[in-house]
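# A look at the structure
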Amino acid sequence: ETGVTQTPRHLVMGMTNKKSLKCEQHLGHNAMYWYKQSAKKPLELMFVYNFKEQTENNSVPSRFSPECPNSSHLFLHLHTLQPEDSALYLCASSQEGPRYNEQFFGPGTRLTVL
Amino acid sequence: GIQVEQSPPDLILQEGANSTLRCNFSDSVNNLQWFHQNPWGQLINLFYIPSGTKQNGRLSATTVATERYSLLYISSSQTTDSGVYFCAVGDNNDMRFGAGTRLTVKP
């Protein structure tokens, strides 16, 4: 257990569905992240929230919509996805500081888009 | 952005052997981590090591920040060490992952 939980662990959805991924961290951290891990590609940073404010958006398509209501919870809202969006979606958290920024990851949600 | 290269891409060992995994990066960083990804996808923190040397049991890591590389040493490997090892480097929020080294330890 890393102190970061994700639900659901597995999700199958059609291209017209709307679903949400949830992440919760129990570490008292102030920054949270969404990553995407596709087959045969390195992990890609999607979104960063620092003190509940989004600070990075690495050209992610608008069909992915993040929400960070507080420093412990992070959501990824999904709508009209494509089959190529099938991947492992990982959430991470860290405590931002000038000299220390170790990230801790949740177990991931394995998403399949039909 | 920062480029991260890991080598070798694949490594097959006999149980009990030692190994060295390498991570090269293209720019100065203030954050470097090594992870082990288990078969279920969980990333397990091994080391937070932007510089210097650390040891944890059979694993140790060294980062030479001025030369932009880090090494992960695994001694007396066990079958449970199998999986993918990732190096991630970055500057505060922007972490970039290497493609990983897939390690297979045979009994």
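Cut-offs and rules
- Residues numbered from 1 in each chain as written.
- Chains lettered and ligands numbered in written order.
- Predicted model: local features only at pLDDT ≥ 70, side-chain atom pairs only at ≥ 80, totals over all residues.
- Heavy atoms only, no water.
- Pairing = 2+ DSSP bridges.
- Helix = DSSP H or I, 4+ residues; strand = E, 2+ residues; numbered from the N terminus.
- Axes fitted to C-alpha atoms, helices over the stretch in contact; angles between N-to-C directions.
- Phe/Tyr/Trp six-rings, centres within 6.5 Å; stacked < 30°, edge-to-face > 60°.
- Buried < 20%, exposed > 50% of the residue type's maximum accessible area, 1.4 Å probe, protein only.
- Disulfide = S-S within 2.5 Å.
- Polar contact = N/O pair within 3.5 Å; in protein donor to acceptor, adjacent residues only side chain to side chain.
- Contact = heavy atoms within 4.5 Å.
- Buried area = accessible area lost by both parts, 1.4 Å probe.
- Salt bridge = Lys/Arg side-chain N within 4 Å of Asp/Glu carboxyl O.

Attention shifts here to the sheet that holds strand 7 (residues 59-64) of chain B. Residues and elements named next belong to chain B. Spatially, the 5 strands line up as an open sheet ordered 1-3-8-7-6, and their pairing is antiparallel. Both outer strands of the open sheet, strand 1 (4-7) and strand 6 (52-56), are each paired with one neighbouring strand and no more. The average angle at which neighbouring strand axes cross in this sheet is 15 degrees, direction not considered. As judged from the 5 bridges shared by strand 6 and strand 7, these two strands associate in the antiparallel manner. Bridge assignment links Thr-53 to a residue of strand 7, and that residue is Thr-62.

Next up on the list: the packing of aromatic side chains. Inspection of the entire model under this criterion finds 8 aromatic pairs over all chains. Aromatic side chains Tyr-35 of chain A and Phe-105 of chain A sit 5.2 Å apart centroid to centroid with 45 degrees between the ring planes, which places their arrangement in the tilted category. Here Tyr-35 of chain A is found in strand 4 (residues 31-37), whereas its partner Phe-105 of chain A is found in strand 10 (residues 104-105), with 70 residues between them in sequence. Residue Tyr-35 of chain A shares its accessibility class with Phe-105 of chain A, and that shared class is buried. Here Tyr-35 of chain A and Phe-97 of chain B contribute two aromatic rings whose centre-to-centre distance is 5.5 Å and whose plane-to-plane angle is 80 degrees, an arrangement assigned as edge-to-face. Here Tyr-35 of chain A is found in strand 4, whereas its partner Phe-97 of chain B is found in strand 10 (residues 94-97) on a different chain.

Residues and elements named next belong to chain A. For the coordinates displayed, the defined rule picks out 2 disulfides over all chains. For Cys-23, the disulfide goes to Cys-91, at an S-S distance of 1.9 Å. Residues Cys-23 and Cys-91 share a disulfide whose torsion about the S-S bond is about -75 degrees; that sign makes it left-handed. Residue Cys-23 is located in strand 3 (residues 18-25), and its partner Cys-91 is located in strand 9 (residues 87-94); the two are separated by 68 residues in the primary sequence. Side by side, Cys-23 and Cys-91 carry an identical accessibility label, which is buried.

This part takes up the sheet that holds strand 1 (residues 4-7) of chain A. In a beta sheet, neighbouring strands are held together by backbone hydrogen bonds and run either parallel or antiparallel to one another. All names here are of chain A. Spatial ordering of the open sheet is given by 1-3-8-7, a layout of 4 strands whose pairing is antiparallel. One side of each edge strand has no neighbouring strand; the edge strands of this open sheet are strand 1 and strand 7 (64-70). Averaged over all pairs of adjacent strands, the angle between their axes in this sheet comes to 20 degrees, without regard to strand direction. Direction of pairing for strand 3 relative to strand 8 (residues 73-79): antiparallel, over a ladder of 7 bridges.

To continue, consider the side chain of Thr-2 of chain A. Here Thr-2 of chain A is to be found in the segment before strand 1. Reaching out from Thr-2 of chain A, the side chain makes a polar contact with the backbone nitrogen of Val-4 of chain A at a distance of 3.4 Å. Within polar-contact distance, the side chain of Thr-2 of chain A engages the backbone oxygen of Phe-105 of chain A at 2.6 Å. For Thr-2 of chain A, the contacting residues outside a window of four places in its chain are Leu-27, Phe-104, Phe-105 and Gly-106 of chain A together with Gln-42 and Leu-43 of chain B.

Glancing now at the interface of chain B and chain A. Put simply, an interface is often sized by how much accessible area is lost when its parts join up. In this assembly, 18 residues from chain B lie in contact with 25 residues from chain A. When the two sides are added together, the surface that chain B and chain A hide from each other amounts to roughly 1,700 Å², 48% of it contributed by carbon and sulfur. Of all residues in chain B, the largest losses of buried area upon contact with chain A belong to Tyr-48, Asn-93 and Phe-97 of chain B, amounting jointly to 35% of the total for that side. Counting the contacts that link chain B with chain A gives 0 salt bridges. At the surface where chain B touches chain A, the tally comes to 8 residue pairs in polar contact (both at pLDDT 80 or more). Secondary-structure elements contributing two or more residues to the side of chain B that touches chain A are strand 4 (31-37), strand 5 (43-48) and strand 10 of chain B. Ranked by the residues each element gives to the side of chain B that touches chain A, the list is headed by strand 4 of chain B, at 4 residues.

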